[in-house]
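# Analysis of the macromolecular model
The residues making up each chain are set out below.
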There are 2 protein chains.
Amino acid sequence: MLEYSVLLLLRRQPCYANDIIKQLKEADLIVVEGTLYPLLTRLKKDGLLSYEWRESIQGPPRKYYALTNDGTVALKAMDDTWTSLVRTVEVLKLVHS
Amino acid sequence: MLEYSVLLLLRRQPCYANDIIKQLKEADLIVVEGTLYPLLTRLKKDGLLSYEWRESIQGPPRKYYALTNDGTVALKAMDDTWTSLVRTVEVLKLVHS
DNA sequence: CTATAATACCTTGCAATACATAGTACCTAA
DNA sequence: TTAGGTACTATGTATTGCAAGGTATTATAG
């Protein structure tokens, strides 16, 4: 689900790690560095994300991650998976109430 | 989410492992023995489930698991957590579309 | 010029979860 | 008494998330 959330975020525009953490927090999802960095590295390794270095106004340069074509395809698949999971829970709620 | 699903199932009536696997499959959730048994043991250990042995028509006796009071309380909390997660994803979908 | 603080990225170790696989125990029927 | 089906259990592995600590770059204060 976190992977899915990150891809959703990056659909709009490239972001770097702290951007992502901040935006997830705005959606009530608390994620820390130790979780996000390995996740971004993994998604990059799997070809779903790419990154480019951009200089910062203040501080060291940042890795701005963006969706690749494969990432867009994977995101569509996750859309279906997520929808299916939500539906599963709905069914369980209804049938066993 | 699987934990949540199992508690939802057991809300209606006590079930044993194969019952649960079958009913989850009917809701399009594939779970295998190696996953479910440790999960049931854990929920029992945490006091969310109790079980009683019942004889079977054919084969060895079965452990029928049921929600405890603590389990019912935990289920309510999971309801909120799940609703929150679903809402989070909805927000991410809308804001970043 | 150096030291400090802030920012950004990365690594390591641990715990929890899910799976594959194999194993044990019980019951019925041939 | 043995074979097969059912039910429960145990072990090892991969993945995921977190805590904690570490490295590198930049700006600012002394």
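Our subject is the structure listed above.
A brief structural summary. (Residues numbered from 1 in each chain as written. Chains lettered and ligands numbered in written order. Predicted model: local features only at pLDDT ≥ 70, side-chain atom pairs only at ≥ 80, totals over all residues. Heavy atoms only, no water.)

### Quick notes on helix 3 (residues 33-45) of chain B
Residues and elements named next belong to chain B. When the terminal C-alpha atoms of helix 3 are compared, their 18 Å separation across 13 residues agrees well with the 18 Å that a helix rising 1.5 Å per residue should span. Taken together, the buried positions of helix 3 are Leu36, Leu39, Leu40 and Leu43. Within helix 3, the buried residues cover an arc of 100 degrees as seen down the axis, which keeps them to one side. Residues of helix 3 that are exposed and point over 90 degrees away from its buried face: Gly34 and Lys45. (Helix = DSSP H or I, 4+ residues; strand = E, 2+ residues; numbered from the N terminus. Expected span 1.5 Å × (residues − 1). Buried < 20%, exposed > 50% of the residue type's maximum accessible area, 1.4 Å probe, protein only. Arc of directions from axis to C-beta.)

### Some remarks on the pattern of salt bridges
Enumeration over the complete set of coordinates arrives at four salt bridges over all chains. In this structure, Arg42(A) engages Glu3(A) in a salt bridge whose closest nitrogen and oxygen atoms are separated by 2.9 Å. You can see Arg42(A) sitting in helix 3 (residues 33-45) and its partner Glu3(A) sitting in helix 1 (residues 2-12), a full 39 residues away along the chain. Under the relative-accessibility criterion, Arg42(A) is labelled partly exposed at 39%. Here Glu3(A) falls in the partly exposed class, since its relative accessible area comes to 26%. The salt bridge involving Arg54(B) is made with Glu52(B); its shortest N-O contact spans 2.9 Å. (Salt bridge = Lys/Arg side-chain N within 4 Å of Asp/Glu carboxyl O.)

### Looking at the packing of aromatic side chains
Aromatic ring pairs are described here by two measures, namely the spacing of the ring centres and the angle between the planes. Taken as a whole, this structure holds nine aromatic pairs over all chains when the rule is applied. Look at Tyr51(B) and Trp53(B): their rings are 6.3 Å apart centre to centre, the planes differ by 80 degrees, and that puts the pair in the edge-to-face class. With a relative accessible area of 32%, Tyr51(B) lands in the partly exposed category. Taken together, Tyr4(A), Trp82(A), Tyr4(B) and Trp82(B) form an aromatic cluster joined through their ring pairs. The aromatic ring of Tyr64(B) is capped on one face by Arg54(B), whose charged end is 4.5 Å from the ring centroid. (Phe/Tyr/Trp six-rings, centres within 6.5 Å; stacked < 30°, edge-to-face > 60°. Lys NZ or Arg CZ within 6 Å of the ring centre and 35° of its normal.)

### Re the protein's contact with DNA strand C
Near DNA strand C there are 21 residues, and of these Tyr16(A), Asn18(A), Arg62(A), Lys63(A) and Thr35(B) occur at the shortest range. When atoms of DNA strand C within 4 Å of the protein are split into backbone and base, the sugar-phosphate part holds 72%. Within the contact set of DNA strand C, a base nitrogen lies 3.2 Å away from a side-chain nitrogen or oxygen of Glu33(A). Between DNA strand C and Lys63(A), the relevant distance is 2.3 Å, taken from a phosphate oxygen to a side-chain nitrogen or oxygen of the residue. Contributions of two or more residues to the surface near DNA strand C are made by helix 2 (17-26), helix 3 and strand 2 (62-67) of chain A together with helix 1 (2-12) and helix 3 of chain B. The leading source of residues in the surface near DNA strand C is helix 3 of chain B, at four residues. Tallied by class, residues from the surface near DNA strand C come to eleven nonpolar, five polar and five charged. (Near = heavy atom within 4 Å. Polar contact = N/O pair within 3.5 Å; in protein donor to acceptor, adjacent residues only side chain to side chain. Nonpolar A, V, L, I, M, F, W, Y, C, P; charged D, E, K, R; others polar.)

### Examining the interface of chain B and chain A
Of the residues lining the interface, 25 residues belong to chain B; the matching set on chain A comes to 25 residues. There are zero salt bridges connecting chain B and chain A. Between the two partners, chain B and chain A, sit four residue pairs in polar contact (both at pLDDT 80 or more). Elements with a contribution of two residues or more to the side of chain B that touches chain A: helix 1, helix 2 (17-26) and helix 4 (69-95) of chain B. (Contact = heavy atoms within 4.5 Å.)

### What to know about a nonpolar patch on the surface
Residues and elements named next belong to chain A. There is a patch of nonpolar side chains on the surface, built from Val91, Leu94 and Val95 and spanning about 260 Å² of accessible area. As for its placement among the helices and strands, Val95 is situated in helix 4 (residues 69-95). The class for Val95 is partly exposed, based on a relative accessible area of 44%. (Patch = residues over 30% accessible without salt bridge, like charges linked within 9 Å, V, L, I, M, F, W, Y side chains within 5 Å. Areas by Shrake-Rupley, 256 points an atom, 1.4 Å probe, with all protein chains shown as cover.)

### A look at the protein's contact with DNA strand D
What surrounds DNA strand D is a group of 22 residues, the closest being Thr35(A), Asn18(B), Tyr37(B), Arg62(B) and Lys63(B). Close to the protein, within 4 Å, the atoms of DNA strand D belong to sugar or phosphate groups at a rate of 75%. Separating a phosphate oxygen of DNA strand D from a side-chain N or O atom of Asn18(B) is a distance of 2.7 Å. Take Tyr37(B): an N or O atom from its side chain is 2.8 Å from a phosphate oxygen of DNA strand D. Residues that form the surface near DNA strand D fall into these classes: twelve nonpolar, five polar and five charged.

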